[in-house]
Amino acid sequence: MTFARTLPVLLLLALSSIVPATGAAALSSVERRIVASVDRHAPASLELLERAVNVNSGTLNLAGVRQVGRLFAPAFESLGFRTEWVEGAAWGRAGHLVARRERPGGRPKVLLIGHLDTVFEQDSPFQRFQRLDDSTAHGPGVSDMKGGDCVMLLALRALADAGVLDRLSVVAVLSGDEEKAGLPLEASRRDLRQAADWADVAIGFEDGPDDPKLGVVARRGATGWRLRVTGKAAHSSQIFRDDIGDGAIFEAARILDAFRDSLGGQPLLTFNPGVIVGGTSASLDAEGNRGSASGKSNVIADSVSVAGDLRTISLQQRAAAKAAMERIVAAHLPHTSAEISFEDGYPPLAPTAGNRRLLAMFDRASRDLGFGGVTESDPRMAGAADISFADGRVNMALDGVGLMGGGGHTVEETGDLRTLPMNAKRVAVLLLRLSAPAP
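A quick note: this is a predicted structure, and the numbers were derived from the prediction, not measured.

1. Observations regarding the confidence of the model for the chain
- Per-residue confidence for the chain averages 93 on the pLDDT scale, and 94% of its residues sit at or above 70.
- Residue range residues 1-22 is modelled with pLDDT below 50. Its contacts to residues more than four positions away, or to other chains, number 30 contacts.

2. Some words on the sheet that holds strand β16 (residues 396-398)
- As summarised here, the arrangement of the six strands in space is β1-β2-β6-β3-β7-β16, forming an open sheet in which the pairing is mixed. With one partner strand each, in any of the chains shown, β1 (82-87) and β16 form the two edges of the open sheet. Across the sheet, the axes of successive neighbouring strands diverge by a mean angle of 15°, strand direction being ignored.
- Here seven bridges tie strand β3 (residues 109-115) to strand β6 (residues 169-175), and the two strands are oriented parallel to one another. For Val110, the partnering residue across the bridge sits in β6 and is Val170.

3. Re the layout of surface pockets
- Empty space within the largest pocket amounts to approximately 1,400 Å³.
- Forming the walls of the largest pocket are 44 residues, and the residues nearest its centre are Glu179, Ala222, Arg311, Gly345 and Tyr346.
- Those elements that provide at least two residues to the lining of the largest pocket are β9 (221-230), β10 (270-279), β13 (303-312) and β14 (337-344).
- For the lining of the largest pocket, the leading source of residues is β9, giving five residues.
- In the lining of the largest pocket, the residues fall into 15 nonpolar, 14 polar and 15 charged.
- Considering the residues around the second largest pocket, the lining is formed by 14 residues, among which Ala44, Ser45, Leu48, Ala75 and Arg157 are closest to the centre.
- Taken together, the elements giving at least two residues each to the lining of the second largest pocket come down to α2 (29-53), α3 (62-77) and α4 (146-161).
- The biggest single contributor to the lining of the second largest pocket is α2, with five residues.
- Looking at the lining of the second largest pocket, its residues break down into nine nonpolar, three polar and two charged.

4. Considerations on the side chain of Ser45
- Secondary-structure assignment places Ser45 in helix α2.
- If we ignore the near neighbours within four places in the chain, the residues touching Ser45 are Cys150, Leu154 and Leu420.

5. Let's talk about empty space enclosed by the protein
- Evaluated as defined, the whole model comprises one cavity of 30 Å³ or more.
- Its boundaries defined by the atoms lining it, the largest cavity holds a volume of some 40 Å³.
- Around the largest cavity sit Ile113, Gly114, His115, Met145, Glu178, Gly204, Glu206, Ala385, Asp386, Ile387 and Asp399, which together line it.
- For the lining of the largest cavity, the element with the highest residue contribution is β3, accounting for three residues.
- Residue composition of the lining of the largest cavity, by class: four nonpolar, three polar and four charged.

6. Re the pattern of salt bridges
- Tallied over the entire structure, the rule returns 21 salt bridges.
- As a salt-bridge pair, Arg189 and Asp177 come within 2.8 Å of each other at their nearest N and O atoms. With Arg189 in the loop between α5 (185-188) and α6 (190-198) and Asp177 in the loop between β6 and α5, this residue pair connects regions lying twelve residues apart in the sequence.
- Exposure remark for Arg189: the relative accessible area of 1% places this residue in the buried category.
- Residue classification places Asp177 among the buried positions, given a relative accessible area of 0%.
- Measuring nitrogen to oxygen at the nearest pair gives 3.0 Å for the salt bridge that ties Asp363 to Arg367. Separated by four residues within a single helix, Asp363 and Arg367 lie in helix α9 (residues 353-369), roughly one turn from each other.
- Accessibility expressed as a relative area gives 16% for Asp363, which makes it buried.
- Overall, Arg367 belongs to the partly exposed group, its relative accessible area being 41%.
- A single salt-bridge network, built from bridges that share partners, covers Glu31, Arg364, Asp368 and Arg433.

Conventions and cut-offs
- Residues numbered from 1 in each chain as written.
- Predicted model: local features only at pLDDT ≥ 70, side-chain atom pairs only at ≥ 80, totals over all residues.
- Heavy atoms only, no water.
- pLDDT = per-residue confidence, 0-100.
- Contact = heavy atoms within 4.5 Å.
- Pairing = 2+ DSSP bridges.
- Helix = DSSP H or I, 4+ residues; strand = E, 2+ residues; numbered from the N terminus.
- Axes fitted to C-alpha atoms, helices over the stretch in contact; angles between N-to-C directions.
- 1 Å grid on protein atoms, 1.4 Å probe; cavity = no way out; pocket = protein on both sides within 12 Å on 5 of 7 lines; lining within 4 Å.
- Points joined across faces, edges and corners; volume = space filled by probe spheres on them.
- Nonpolar A, V, L, I, M, F, W, Y, C, P; charged D, E, K, R; others polar.
- Salt bridge = Lys/Arg side-chain N within 4 Å of Asp/Glu carboxyl O.
- Buried < 20%, exposed > 50% of the residue type's maximum accessible area, 1.4 Å probe, protein only.

Now the structure itself:
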């Protein structure tokens, strides 16, 4: 018997293991139609996922990223979306797929966020979709996040089948460079930010903490920093003299220790010096990944370079941390100089009251569907993601509602296929309830 013929049977077996019989009584007739549509279209959605995973779309494989975009675009178009490929040459990447279905009076205006690329480039040995059992698949991007893109489309299909998709206005942005964003970010995230400015609600389809009982209402932002310290070169026997000073390495160590004393222990704030080089000559490359240094044990070092990152939960926390680090660096010791520079990457997604209201609605939908409750995940357990560009631009945001799995960003990546129809149902019911007029 072929795989295609056995897929519906396998899907029903997988669903039966996670969907209890309770919950249906809490659903409206429209919501029950949504559930039926997801069950009906889930096999085709899994086939789409397999085709997408089997296309290498490592961020730097521009042709592969575009090919995945061409795979998903017809699925949006079949639901009445107008699709556009936003060319990414200006930021050195393939570009983004943007799908729009705006309706006069459609409320709320919803931004759905996905991405087409993976961390696995063409030279990776990890290239193909493989079924491990009736509910688990192994493959590059199966959970991060081609599976999430399929959850998105399956939920939209269910709303269309139930005759309620027209209640909403929807824009979907599937970026082609989430795993290694093109620079400058002002260019590579312009379309996403513009869509967020338009929207009332943003929903991201990352796998998040890979637990369907957790939802993401906050993500920490990432900022890179570079510290450069110079000292006065001299014979090592003269170190600590009033006219010589402590040298660059001691001064760099003092500054880093002061960072730890001043900022350590603040909730959800972390800062990490990832690379350090020092000596009579020291340099780091532009990315801060590789460096070189030379020196002698009997010569006072006159140069140190350090590269690190800073993770914060809000723009206010980021600004305060930067200011504290700058004050410490400015108070350098005699006969040394020090400077620090910052490069902001992904912004934080702050845990707002609106985000928590949206999670509460998602939790209610999940319970009514019989899937159990959903609580807030620890922001330290989730990295940066595209939904953070909606922070401060939408009234409510929620992430981590894609296909769950494990082993993300490694050749052990797997996806729990049972969560594809489950999360499609939860998202579709959430969107329907968001579209209901306020009492």
